[in-house]
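# Per-entry structural report
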Amino acid sequence: MKIRLFHTESTLSNELTNREAVYKITKMNKVDSTPGMDHYFQAILERVGWVIENQTPLLKEAASQMAAVIQHDRRIFLFGSGHSHLIAEEAFFRAGGLAAATPIFSSLVMLHENPTLASRLERTAGLASDLLAPYHPQAGELIFIISNSGGNHLPVEMAQVSKALGLYTIGLCSLAYAQVAPRSALDLRLEQVVDLCLDNGLPPGDGLVALKKSGWKVGPGSTVICALLWNALVCETAFLLEAAGYEPPVFGSYNMPGSHEQNQRLLEKWRKVNPHL
């Protein structure tokens, strides 16, 4: 496995360079016969390298928008249906995450109660306004809409409704998938509606590792890559805020000193506008 992720050898938190970290994986693979894992690790590393090479300018713009919203004490919404809602979960009340992150949750479009119903509802018209209304969104706020295929009716409609209310809209999808996925009655893809669209670089169908006999693919990549993109944006946004003299509203882990006081200050402020806190 020889993959160059970066032009420079930036240091990782474990004090290994990227080249050394990849070498560790390569050495392990030579000792242990794990072809399925090897293929998946390689595919993920390739996608990480791809988004760094191809999405950095768009990520910088997204982080700039996020920082501006937070400096005005406004919210950053996140919405996704099906497995895409996991990115909203990742952002919410997260150690090392932003207190401004406000998920739009509805069990109807999640998977833990009725996955087949949720799959139908994300293709159903007329739901976006009702899902968004309880949060009382204000013009000047921002919303991330995550949809790997970029074509289902509900996320595209959510983008339309949000824009009409004056929110800045950022899509997160696979542009390659969106090109081949069936369109809804709106006849629009997410990328065609939002103000800014980030591409996770994944193939249609999400699976990354082809099985030799059945032909089906295993190892979906969208949750890994989309979570990576979100947390990269959190880091960049926090740096931009500090550079502007604004303290980033970052939650701490309750297992770390000082986190109770830090989190309580943030909760007192943000729970007024986030019904989930």
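About the thresholds
- Residues numbered from 1 in each chain as written.
- Predicted model: local features only at pLDDT ≥ 70, side-chain atom pairs only at ≥ 80, totals over all residues.
- Heavy atoms only, no water.
- Helix = DSSP H or I, 4+ residues; strand = E, 2+ residues; numbered from the N terminus.
- Buried < 20%, exposed > 50% of the residue type's maximum accessible area, 1.4 Å probe, protein only.
- Polar contact = N/O pair within 3.5 Å; in protein donor to acceptor, adjacent residues only side chain to side chain.
- Contact = heavy atoms within 4.5 Å.
- Expected span 1.5 Å × (residues − 1).
- Pairing = 2+ DSSP bridges.

## Notes on the side chain of serine 174
Mapped onto the elements, serine 174 comes out in the loop between β4 (168-173) and α7 (175-180). Assessed through its relative accessible area of 0%, serine 174 is described here as buried. At 2.6 Å, the side chain of serine 174 and the backbone oxygen of leucine 202 are in polar contact. With residues up to four places along the chain from it excluded, the contact list for serine 174 reads Ser147, Asn148, Ser149, Asp199, Asn200, Leu202 and Pro203.

## Quick notes on helix α8 (residues 222-243)
Its 22 residues give α8 an end-to-end C-alpha distance of 31 Å, which sits within 8% of 32 Å, the value for a rise of 1.5 Å per residue. Among the residues of α8, Ser222, Ile225, Cys226, Ala227, Leu229, Trp230, Leu233, Val234, Thr237, Ala238 and Leu241 are the ones counted as buried. Positive backbone phi, approximately 80°, marks glycine 245, located one or two places after α8.

## Some details on the pairing of strand β6 (residues 207-210)
Sheet topology places β6 next to strand β7 (residues 217-220); three bridges connect them, and they run antiparallel. Across the sheet, the residue bridging to glycine 207 is proline 220, located in β7. Count of turn residues in the β6/β7 antiparallel hairpin: six residues, of which glycine 215 carries a positive phi of about 90°.

## A word on the side chain of threonine 237
Within the fold, threonine 237 resides in helix α8. Setting aside its immediate chain neighbours within four residues, threonine 237 contacts Ala63, Met66, Ala67, Ile70 and Leu98.

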